[in-house]
Amino acid sequence: MITRFSFVASLVCALMFGPAAIAGQPDMAPINAMDRAAFVKKFGGIFEKSPWVAEKAWEKRPFASLDDMHAAMVAVAKNAPAPQQLALLQSHPDLAGKEARAGTMTASSVAEQASAGLNTLSSAEFAELSGLNAAYKAKFGFPFIIAVRMYTKEGIFFEFKRRLKNDTQTEFANDLQNVYIITRLRLNKLLDAS
């Protein structure tokens, strides 16, 4: 059984030495053979409600590895105009927010938030998180994004409060960096489940 510490250590290792350190390499031939529509259908959900990332990354085929494919997707997001990057950030749900209560989050977001216990908050925790979500959005204009699978509930609250002290440019970059981590974890999960 993998502990949260060993998972985080593996992810840090992967970020330093390449994501292949935590995921087996799938056969890239079938992925490279996909037409654009099939590729977007399979990988369009990796970036939250932003299939345009997969659609544009498809043009970079053939991918030598899963690392190469994810790097192509990240490059699409990194090189997108600022308004498109902002739309990408704004497509993410608030943590335990109205989409969670309404049951309208993507399956990936539901599983990710549940992994940190955000689906079982006490009334006090829920009220605190709602206040943090509102304060963050009011200050920055986009939701707080964090790779929740790497944190405990307490760690998420800590990071939320710490990051609220930053300026908008710093938080825009922090959110995008967390999106890249989240998408790599989603890609690993998707291909492990294939």
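As a reminder, the structure under discussion sits directly above these lines.
Attention here is on the structure that accompanies the text. What you are looking at is a predicted structure, and each value in this text was computed from that prediction instead of being measured. (Residues numbered from 1 in each chain as written. Predicted model: local features only at pLDDT ≥ 70, side-chain atom pairs only at ≥ 80, totals over all residues. Heavy atoms only, no water.)

To continue, consider the overall build of the protein chain. Within the protein chain, the secondary structure is distributed over 11 helices and zero strands. Start at the N end of the protein chain and walk to the C end: the helices and strands fall as α-α-α-α-α-α-α-α-α-α-α. Going through the 194 residues of the protein chain one by one, you find that 45% of them count as buried. Considering only residue pairs separated by 6 or more positions, the protein chain has 73% of its internal contacts joining residues 24 or more positions apart. Counting only carbon and sulfur atoms, one obtains 60% of the accessible surface of the protein chain, whose full area is about 9,700 Å². (Helix = DSSP H or I, 4+ residues; strand = E, 2+ residues; numbered from the N terminus. Buried < 20%, exposed > 50% of the residue type's maximum accessible area, 1.4 Å probe, protein only. Contact = heavy atoms within 4.5 Å. Areas by Shrake-Rupley, 256 points an atom, 1.4 Å probe, with all protein chains shown as cover.)

Right, let's talk about the environment of Asn174 for a bit. You can see Asn174 is positioned in helix H11 (residues 168-193). As a C-alpha pair, Asn174 and Ile146 span 28 residues in sequence and 8.4 Å in three-dimensional space. Apart from the residues within four sequence positions on either side, Asn174 is in contact with Arg163 and Asn166.

On to helix H9 (residues 123-140). The end-to-end C-alpha separation of H9 is 26 Å, in line with the 26 Å expected for 18 residues at 1.5 Å each. Buried within H9 we find Leu129, Leu132, Asn133, Tyr136 and Phe140. For H9, the angular spread of buried residues about the axis comes to 100°, placing them on one side. Of the exposed residues in H9, those oriented more than 90 degrees away from the buried face are Ser123, Ala124 and Ala138. Of the residues flanking the end of H9, it is Gly141, one or two places downstream, whose phi is positive at about 90°. (Expected span 1.5 Å × (residues − 1). Arc of directions from axis to C-beta.)

Below, the discussion takes up the nonpolar core. Core analysis: the biggest nonpolar cluster contains 50 residues, and Phe39, Phe43, Phe47, Met69, Met73, Leu95 and Leu118 have the highest contact counts within it. Of all the secondary structure elements, the ones that give two or more residues to this core are helix H2 (28-33), helix H3 (36-43), helix H4 (52-57), helix H5 (66-78), helix H6 (82-90), H9, helix H10 (153-163) and H11. For this core, the leading source of residues is H11, giving nine residues. In this view, Met73 contacts Phe43, Ile46, Phe47, Val53, Ala54 and Ala57; residues no more than four positions away in its chain are not counted. (Core = buried A, V, L, I, M, F, W, Y, C linked by side-chain atoms within 4.5 Å.)

The next point concerns the packing of aromatic side chains. Applying the stated rule across the entire model yields nine aromatic pairs. Note on Phe39 and Phe43: the rings are 4.9 Å apart at their centroids and 50° apart in plane angle, and the pair reads as tilted. Pair noted here: Phe39 and Phe43 are both in helix H3, with a separation of four residues, about one helical turn. Relative accessible area serves as the criterion here: at 0%, Phe39 is assigned to the buried category. Every member of this aromatic cluster is reached through a ring pair, and the members are Tyr136, Phe140, Phe142, Phe144, Phe160 and Phe172. (Phe/Tyr/Trp six-rings, centres within 6.5 Å; stacked < 30°, edge-to-face > 60°.)

Moving on, we get to the pattern of salt bridges. Side-chain pairing between opposite charges can occur once the charged atoms of the two side chains come close. Tallied over the full model, the rule gives 12 salt bridges. The partner of Lys49 in a salt bridge is Glu99, and the shortest N-O contact between them spans 3.7 Å. Placement of Lys49 in the loop between H3 and H4 and of Glu99 in helix H7 (residues 98-102) is noted, with a sequence separation of 50 residues between them. Under the relative-accessibility criterion, Glu99 is labelled partly exposed at 23%. Salt bridges sharing partners connect three or more residues here, namely Arg36, Lys56 and Glu59. (Salt bridge = Lys/Arg side-chain N within 4 Å of Asp/Glu carboxyl O.)

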